Every structure is written in C-alpha cells, then in structure tokens.
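Notes for the structure review
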Amino acid sequence: MINQIFRCLIPKWISLIKFKNIPFNKEHQLFFSSPLPTVGAFVTGLCLSLLFAACSSTPTVNVPNPSATSQGNSTSSKVVRFGYQKSTILLRTKGVLEKRLAPEGITVKWTEFQAGPQLLEAMNVGSIDIGPVGESPPIFAQAAGTSLTYVVGTAATPASSAILVPQNSQIQKVTDLKGKRVTFQKGSSAHLLLVQALEKAGLKYTDIEPKYLAPADARAAFVKGSVDAWVIWDPFYAAAQEATKARVLIDGTGINKQGGYYLMSRKFVTENTQTVKAIVEEIKNLEEWSKQNREEVAKTLAPVLGIDLETMKKATNRRTFGIVPIDDNLINLQQGVADTYYKLKLIPKEINVKDAMLTKEEYAAFSPKT
C-alpha cells in the first residue's frame, strides 16, 4: 500500500513543480536547461500526465490535475494561460491583452520559458493555452505526439539570430566549425540556423559536436570556454555581444526564410474563436505599433530585461515586426523544416505539418487582414 501511494505521489509532485503556471526563474533553470533530447522531454511530460490521471482515484491524494484543468477550467473561469519567452515579453509588458479581454471577464495568466521546446512541453501537458515559438519547436512537438495548432505566423527576422564565437577565436568562417563544440537549444530556431549554415558551407551536421543547452547554460558554457561556438537569438544574442564581446561568425541573413508562430492547443482554438480573434488582433496591432516605434520598444524592454538601452536598441533595430497568415507558402516552408529534421534523424518519424493546421475557413474566422 505504501509503495502504491508513493508511486502516485511522486509523479504528482513532479508535475506540480514542472508544469504548474509558475513564472520561470533561476530556481527553475536547472530543470529547463537539462540537455535531455527534446522529443524525449515531450514523451516524459506525456507519461507524467498519464500517470497523474491513473493515480487520481487514490483517496489519500488530493492534488489538482493541471492536465485536466487545461481547457475546461480555463474557459469556464475565463482565464487565458499564455506562455512567453524573453524575445516576446513586450506583449506582456504592454498589457494590451488584459485591456482587450477584461470587458469580456477574461483574465490573462503569464508563464515565462527559456525557449520554445520548454513552452510547448508545458502546452503538451495542459499548463498553457497559447504561446509563441520559432519554426522548429512545433516540428519536434508534433513528432512527439503533442496536440497543437498553428494560429498565425510572425515575420522572418534573420538578423536577430547568429552563431557567436569568442572574440579571440581562431574560427573565422563556418567551415572552421568542423570538429568543434557548438552549443544551442535543441529543437529551437537556433538549431535550424546551424543546420542551414552548415549545409550552405558544405558541411554536414555530423561534422560538428553539438552541445544541447538552454540559453542560460549555453551562455555559461560559452563564457567558460567549454564550447567553441554558440547559436542564439535576441535578446540573449545582443546581451552576449555586449557582456562577452562575442564575435558574430554569421547571422541568419540570407539563410532564414521564415519566422515563428503563435500556437494554441487544438481544443482551445476551436472552442474559443472570438477570444482567439481578439488575441490575434492585439498581437497584430502591437507588431504594427512596434514597427513604427522602435525606440519606444527598446526603452520599454531595457529595464524589464535588465539590458542597457543601447544594447536593447541594437536588438530592436535588427528585428522584423509583423504577423503572417497561415497560407500554402508558409505551410510548404514549414514542411521543409520537418523534412530536414527527419533526414538528419533528429525526429523519429516523418510528419505532415498540415495535421496541425486548420482549414482556410477556420483561419478566416479569426485571422485579421495583413
């Protein structure tokens, strides 16, 4: 009996620590920066969720199931659970969603993640309803069986990601990365940038030694000198340039062809069309405002992110703002990303990205004109 109780309690405690909507901070960094392969992490999360349900009938345990409350309670209590990253913190900082949704009695609950894979892992177990990520995380998530839906795309911003090397490094061009230790978040947009840069330079992915680390741990490894290069995006990119005097080996200009996406759970997007429409409209409005007010964006984000104003201006000025509707062109580009990862054996099976898309009619119900 004692063994049975502990078998039920342990996964519940893990789920609460890992997936309850607690803002990400340094205390959580150890977990989220684990080098566990991304697909494996998704499967682990899914298994924890299933164990959770299996143990819920035990009378001695009275712990709420975050997976069970993922949609039903979110809608009935009128709370939109929004995951975000530092690169998309402006949406939270400006408070535009709260102002738009408050008249409908809807509140917004925010949870920060270091990168897209961790954000979608939380979506997989029902901790959040929506969040923005790069082009790669949805591929790994879908390959792991996550139920997700592409809602709207964001403009490609190739200059906002780069491969960095130490200032005095002997590495002068991408071909010099052969045999070198390169760190990045597995399953992120940085991962794809590296793959594409290597291919363009005539190298294979197997020519480098990948070190899968989340941004905070990757920076520590880079500063310590335990890796030779770091692939990263803003604002981490800009902060590293300023603090470590890192040299840009190459950025995404001429390589990256697409931006990221806002994703939602399928259940949320299909059952809350009007709320989704309001959210997408506010995202579009903020992107348009940001495009015309870059200095104000930098002034707003610098103190929030703890980055000096000039560095924040650099990051803001090289970013492309705007949203992109989900259309055939975007679907084809995203399918190309999926095919690339499968050929490299970085995902376990072929996937059809259309399985995570809505119909044109469904998109038309909430997508604003661009």
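Details of the structure are given in the entry above.
Below is a short write-up of the structure. Just so you know, these numbers come straight off a predicted model, no measurement behind them.

1. Examining empty space enclosed by the protein
- The final tally for this structure, using the stated rule, is four cavities of 30 Å³ or more.
- Of the pockets and cavities examined, the largest cavity occupies roughly 640 Å³.
- Surrounding the largest cavity, 38 residues form its lining, Ser87, Thr88, Thr157, Asp234 and Arg319 being those nearest its centre.
- Among the elements of the structure, strand 3 (130-133), strand 10 (261-264), helix 14 (294-305) and helix 15 (309-317) are those that each provide at least two residues to the lining of the largest cavity.
- Of the residues belonging to the lining of the largest cavity, the class tally is 15 nonpolar, 18 polar and five charged.

2. What about the sheet that holds strand 9 (residues 247-251)?
- Strand order in the open sheet made by the five strands is 7-6-8-5-9, with mixed pairing throughout. The open sheet has two edge strands, strand 7 (209-212) and strand 9, and neither has a second partner. The average undirected angle you get between the axes of adjacent strands in this sheet is 30°.
- Two elements, strand 6 (residues 181-184) and strand 7, share four bridges in a ladder whose sense is parallel. When the sheet's bridge partners are listed, Val182 is paired in strand 7 with Pro210.
- Contacts between helix 9 (residues 189-200) and the sheet are confined to strand 5 (161-165), strand 6, strand 7, strand 8 (229-233) and strand 9, with strand 8 contributing the most and set at about 125° to the helix.
- Seen against the sheet, helix 10 (residues 215-224) touches strand 5, strand 6 and strand 8 and runs at an angle of roughly 145° to strand 8.

3. Regarding the environment of Ser127
- In this fold, Ser127 is placed in the loop between helix 7 (116-124) and strand 3.
- Sequence-wise, Ser127 and Gly83 are 44 residues apart; in three dimensions their C-alpha atoms are separated by 9.0 Å.

4. Concerning the nonpolar core
- Counting 102 residues, the largest nonpolar core has Tyr150 and Leu177 as its most contacted members.
- Counting residues per element, this core draws most heavily on helix 9, at seven residues.
- Here Leu177 is in contact with Ile163, Ile171, Val182, Leu198, Asp207, Ile208, Ala229 and Leu249, once residues within four sequence places are set aside.

5. Focus on helix 15
- Along helix 15, the residues that are buried comprise Thr311, Met312, Ala315 and Thr316. Across the axial projection of helix 15, the buried residues extend over an arc of 135°, all falling on one side. Among the exposed residues of helix 15, those oriented more than 90 degrees off its buried face are Glu310 and Asn317.
- Looking at the packing, one finds that the buried side of helix 15 touches helix 11 (236-244) and helix 14.
- Two to three positions downstream of the cap, the backbone nitrogen of Glu310 sits 3.2 Å from a side-chain oxygen, assigning the N-cap of helix 15 to Asp308.

6. Observations regarding the packing of helix 11 against helix 15
- Where helix 11 meets helix 15, the axes come as close as 9 Å, and the angle between the chain directions of the two elements is 140°. As summarised for this structure, helix 11 and helix 15 are arranged oblique, according to the angle between their axes. As helix 11 runs across helix 15, the sense of the crossing is right-handed. Between helix 11, through Ala238, Ala239, Gln241 and Glu242, and helix 15, the contact on the second element is made entirely by Thr311, Lys314 and Ala315.
- When its residues are assigned to classes, the contact of helix 11 with helix 15 shows three nonpolar, two polar and two charged.

7. Some details on the pairing of strand 4 (residues 149-154)
- For strand 4, the buried fraction is high: six of the six residues fall into the buried class.
- With four bridges connecting them, strand 4 and strand 10 associate as antiparallel partners. Bridge pairing in strand 10 links Thr149 to Met264.

Parameters at a glance
Residues numbered from 1 in each chain as written. Predicted model: local features only at pLDDT ≥ 70, side-chain atom pairs only at ≥ 80, totals over all residues. Heavy atoms only, no water. 1 Å grid on protein atoms, 1.4 Å probe; cavity = no way out; pocket = protein on both sides within 12 Å on 5 of 7 lines; lining within 4 Å. Points joined across faces, edges and corners; volume = space filled by probe spheres on them. Helix = DSSP H or I, 4+ residues; strand = E, 2+ residues; numbered from the N terminus. Nonpolar A, V, L, I, M, F, W, Y, C, P; charged D, E, K, R; others polar. Pairing = 2+ DSSP bridges. Axes fitted to C-alpha atoms, helices over the stretch in contact; angles between N-to-C directions. Contact = heavy atoms within 4.5 Å. Core = buried A, V, L, I, M, F, W, Y, C linked by side-chain atoms within 4.5 Å. Buried < 20%, exposed > 50% of the residue type's maximum accessible area, 1.4 Å probe, protein only. Arc of directions from axis to C-beta. Polar contact = N/O pair within 3.5 Å; in protein donor to acceptor, adjacent residues only side chain to side chain. Parallel < 35°, antiparallel > 145°, perpendicular 65-115°, else oblique. Left-handed = near helix turned anticlockwise from the far one by under 90°.

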